[in-house]
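# Survey of secondary and tertiary structure
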Amino acid sequence: MRRKPRIPPSPLPQRQGVDPVRVRLPFGGPWATVREHLVQRLSGAGAGVVDGMFDAGKIVGADGRAVAPDAAYEPGMFVWFHRELPDEVPVPFPLEVVHRDEHIVLVDKPHFLATTPRGSHVTQTVLARLRRELGIPTLGAAHRLDRLTAGLVLFTVRPEERGTYQSLFRDRRVGKEYEALAPYDPGLALPRTVRSRIVKERGVPAAYEVAGEPNAVSRVELIEHNTHGLGRYRLTPSTGQTHQLRVHMNALGVPILGDPLYPVVTSPVPTGDFRRPLQLLARALEFTDPVTGAEHRFRSARTLEAWSSYGDWAAA
């Protein structure tokens, strides 16, 4: 049994709060040089881009020195480089720090801001912005929220403690409460607990329910309803499948207001269009701190716009 490799510290600094890419050369394969492997591995970028990175000395080894394009392939070797950062429209909403200590940072995130770098959202993410704004390059995410969902997200300060806090979410030792706005259906019997099996395929925007053992459980309660035909709902998930609350609300016939995927996948919103945010908010987090033993209870101070200003939200 091969031992898990010790990962050397990155020889490259972060750039705009974004870590460099780390690649470990796999065991086995036909490659004679590091370049041959990276050209194949980064085929989407093209050989010219990879060669340009080698020529500019942008691909480095653990000692921080540039790796030559004809360097012999060494299985298990680590190399690092910075990805080309995409041009991103700034998300014009502030991050609100709810709590900060030497172990964790709890943030009230706005709509439209991804939690961590992924795809075309890199510098305009909560993690990258927090690292820059707070000056804490070691910050890591303990869990994630969808880009379109607002509310509370937990980050860790010390890399060696990140797994401990992540295990809270993995082991379902965090109390989570969400708030959502959706159509009011007087015939829908609430409260109720929804159980189903949800599948999310890579590259497919929407998740969907299938027959089988449930892997997603959500408690749905109606808090109140108004004259606009809207209901304000309290959603309490005990599992964490992708888009779980959005899928379950849609299955009940009351899809969350502003959802671009459920019940129908709509055309992508143009870049920089921050109107009509999804009316879903991670309202509360509650857990026992696994490092300090403190009892934490946090609540978001954000509000869902369509409840008090439906006309303005709809007109946007």
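Whatever comes next refers back to the structure up there.
Residues numbered from 1 in each chain as written. Predicted model: local features only at pLDDT ≥ 70, side-chain atom pairs only at ≥ 80, totals over all residues. Heavy atoms only, no water.

### Brief notes about empty space enclosed by the protein
Stated formally: Of the grid points, spaced at 1 Å and generated over the protein atoms alone, those admitting a 1.4 Å probe that cannot get out make up cavities, while open sets with protein on both sides within 12 Å along at least five of seven lines make up pockets; any residue with an atom within 4 Å of a point is treated as lining. Grid points are joined across faces, edges and corners, and a volume is the space filled by probe spheres set on the points. Helix and strand assignments follow DSSP, with helices taken as H or I runs no shorter than four residues and strands as E runs no shorter than two, numbered in order from the N terminus.
This structure, assessed with the given rule, holds one cavity of 30 Å³ or more. By volume, the largest cavity is sized at about 40 Å³. Together, H143, L145, L152, K176, E177, Y178, A282, R283, A284 and L285 line the largest cavity. Elements with a contribution of two residues or more to the lining of the largest cavity: strand 7 (175-183) and strand 12 (280-288). A total of four residues in the lining of the largest cavity trace back to one element, the largest contributor, which is strand 12.

### Details of the packing of aromatic side chains
Applied cut-off: Aromatic pairs are defined between Phe, Tyr and Trp rings, using the six-membered ring for Trp, whenever the two ring centres lie within 6.5 Å; interplanar angles under 30 degrees are classed as stacked, those over 60 as edge-to-face, and all others as tilted. Using a 1.4 Å probe on the protein chains alone, a residue whose accessible area is under 20% of its type maximum counts as buried, one over 50% counts as exposed, and one in between counts as partly exposed. Should the NZ of a Lys or the CZ of an Arg lie within 6 Å of a ring centre and within 35 degrees of the ring normal, that charge is described as sitting over the ring.
The final tally for this structure, using the stated rule, is seven aromatic pairs. Taken together, a centroid distance of 6.4 Å and an interplanar angle of 25° make the contact between F93 and F112 stacked. Separated by 19 residues along the polypeptide, F93 in the loop between strand 2 (78-81) and strand 3 (96-100) and F112 in the loop between strand 4 (104-109) and helix 3 (126-134) bring together distant segments of the chain. For F93, a relative accessible area of 29% translates into the label partly exposed. Aromatic side chains F93 and F274 sit 5.8 Å apart centroid to centroid with 80° between the ring planes, which places their arrangement in the edge-to-face category. Of the two residues, F93 sits in the loop between strand 2 and strand 3 while F274 sits in the loop between helix 5 (244-251) and strand 12, which places them 181 residues apart along the sequence. Of the aromatic side chains, those joined through ring pairs into one cluster are F93, F112 and F274. The ring of W307 has R232 sitting right over it, with the charged end atom 5.8 Å from the ring centre. Across from the ring centre of W313, 4.5 Å away, lies the NZ or CZ of R276, which sits over that ring.

### Notes on unusual backbone geometry
Here L190 and P191 are connected by a cis peptide whose omega angle stands at 0°. Note on placement: P191 falls in the loop between strand 7 and strand 8 (192-199). Each neighbour pair has its own omega, and for Y262 with P263 the value is 10°, a cis peptide bond. Position of P263 relative to the elements: it lies in the loop between helix 5 and strand 12. Positive phi, normally seen in glycine, also occurs at H243, with a value near 60°. Among the secondary structure elements, H243 is positioned in the loop between strand 11 (230-237) and helix 5. Even without a glycine there, the phi angle at R276 is positive, about 50°. You can call R276 partly exposed: its relative accessible area is 41%.

### Side note on the side chain of N226
Rules: Polar contact is the term for a pair of N or O atoms within 3.5 Å; when the atoms are in protein, one must be able to donate a hydrogen and the other to accept it, and sequence-neighboring residues count only if both atoms are side-chain atoms.
Here N226 lies in the loop between strand 10 (216-225) and strand 11. Reaching out from N226, the side chain makes a polar contact with the backbone nitrogen of H228 at a distance of 3.0 Å.

### What to know about helix 1 (residues 34-41)
To be explicit about the condition: Here a residue-residue contact requires only that any non-hydrogen atoms of the pair lie within 4.5 Å.
Taken residue by residue, helix 1 has V34, H37, L38 and V39 as its buried positions. Elements that come into contact with the buried residues of helix 1 comprise strand 1 (21-24), helix 2 (47-55) and strand 2.

### Side note on the packing of helix 1 against helix 2
Rule in force here: Axis definition: a line fit to C-alpha positions, over the contact stretch in the case of helices; interaxial angles, taken between N-to-C directions, run 0 to 180 degrees. Note on angle classes: values under 35 degrees are labelled roughly parallel, values over 145 roughly antiparallel, values of 65 to 115 roughly perpendicular, and the remainder oblique. Left-handed describes a crossing whose near helix is turned anticlockwise from the far helix through less than a right angle; right-handed describes the clockwise counterpart. For this scheme, ten residues count as nonpolar: Ala, Val, Leu, Ile, Met, Phe, Trp, Tyr, Cys and Pro. Four count as charged, namely Asp, Glu, Lys and Arg, and the remainder, Gly too, count as polar.
In the contact formed by helix 1 and helix 2, the axes pass within 9 Å of each other and the chain directions differ by 140°. What the angle tells us is that helix 1 and helix 2 run oblique. Here the hand of the crossing between helix 1 and helix 2 comes out right-handed. Residues V34, R35, L38 and V39 of helix 1 touch helix 2, and the partners they reach there are A47, V50, D51 and F54. Taken together, the residues of the contact of helix 1 with helix 2 break down into six nonpolar, no polar and two charged.

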